[in-house]
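Spelled out from the first residue to the last, the chains are:
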Amino acid sequence: MDKLKETTGYSYWLLPDEYAAQNLSSLINQMALRLSSPPFIPHITLSSVPESAAYERLADILDSFSSRNRTLNVYTKDLICGDPPFQRFYISVNKPEELLEYSESMDLLLGGKYGRKENFHASIYYGFNSCSKIKDQFSKLEMGIPEKLHIQSIALAEINGLPDRWKIVHKKNLLS
């Protein structure tokens, strides 16, 4: 049986408002329960970070980013079944130009090319089940995907281990 790869490091995540986060968490938790996979915090990955970067520097960069960038509404589009294990089942979002600007802003602060450049999305399942099984289980849920995600904050996430062990270690609200 396939196994999820444990990861290490840090990543910058864009976080939706509380209402959308609760809706996404419900979807994530239900899919995890139905498909025996790890639950995780709802997010849109903005950027990975250099492996050698110290936490203090990364926290300062997050503070700087949050003081220069505004909240953003993104609208969900399609449910997509991608390649395992990460990006396995996710919701694509619009606003790629604004999200790309955020990514490039983060690249400038980090001094390199670490930001996501395409395929911005909110994952709802990580695992190795077939797309047909994933879609079948999703169709049995009595909840839909949120239409809008109000991106309200940015977080530095520690990505150590499997997705259920990922945690936010520093978070800041974006400008309103």
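Residues numbered from 1 in each chain as written. Predicted model: local features only at pLDDT ≥ 70, side-chain atom pairs only at ≥ 80, totals over all residues. Heavy atoms only, no water.

### A few points about the overall build of the chain
Let me state the cut-off plainly: Numbering of helices and strands runs from the N terminus, with a helix taken as a DSSP run of H or I at least four residues long and a strand as a DSSP run of E at least two residues long. For the radius of gyration, the atoms used are the C-alpha atoms, and the globule rule reads 2.2 Å times the number of residues raised to 0.38. Only protein chains enter the accessibility calculation, which uses a 1.4 Å probe; a residue whose area is less than 20% of its type maximum is buried, one above 50% is exposed, and one in between is partly exposed. Note on contacts: a residue pair is in contact if any heavy atoms of the two residues lie within 4.5 Å. Only the protein chains shown count as cover for residues, and the accessible areas themselves come from Shrake-Rupley with a 1.4 Å probe. Residues counted as positive are Lys and Arg, residues counted as negative are Asp and Glu, and His and the chain ends are not counted. Each charge is placed at NZ for Lys, CZ for Arg, CG for Asp and CD for Glu.
In terms of helices and strands, the chain carries four helices and seven strands. Computed over C-alpha atoms, the radius of gyration of the chain comes to 16 Å, within 12% of the 16 Å expected from 2.2 N^0.38 for 176 residues, which places it in the range of a compact globule. The principal-axis extents of the C-alpha atoms in the chain amount to approximately 45 × 35 × 25 Å. Per-residue burial over the chain gives 49% buried out of 176 residues. In the chain, the share of contacts with a sequence separation of at least 24, taken over all contacts with a separation of at least 6, comes to 78%. Here the chain displays about 9100 Å² of accessible surface, and carbon together with sulfur accounts for 46% of that area. Of the charged side chains in the chain, 20 are positive and 21 negative; the average position of the first set lies 2 Å away from that of the second.

### Details of the side chain of serine 64
Cut-off, in case you're wondering: As used in this structure description, the phrase polar contact means that two N or O atoms lie within 3.5 Å; if the pair is within protein, one of them must be able to donate a hydrogen and the other to accept it, and residues adjacent in sequence are counted only when both atoms belong to side chains.
When you line up the elements, serine 64 lands in helix H2 (residues 55-66). Under the relative-accessibility criterion, serine 64 is labelled buried at 18%. Reaching out from serine 64, the side chain makes a polar contact with the side chain of arginine 68 at a distance of 3.1 Å.

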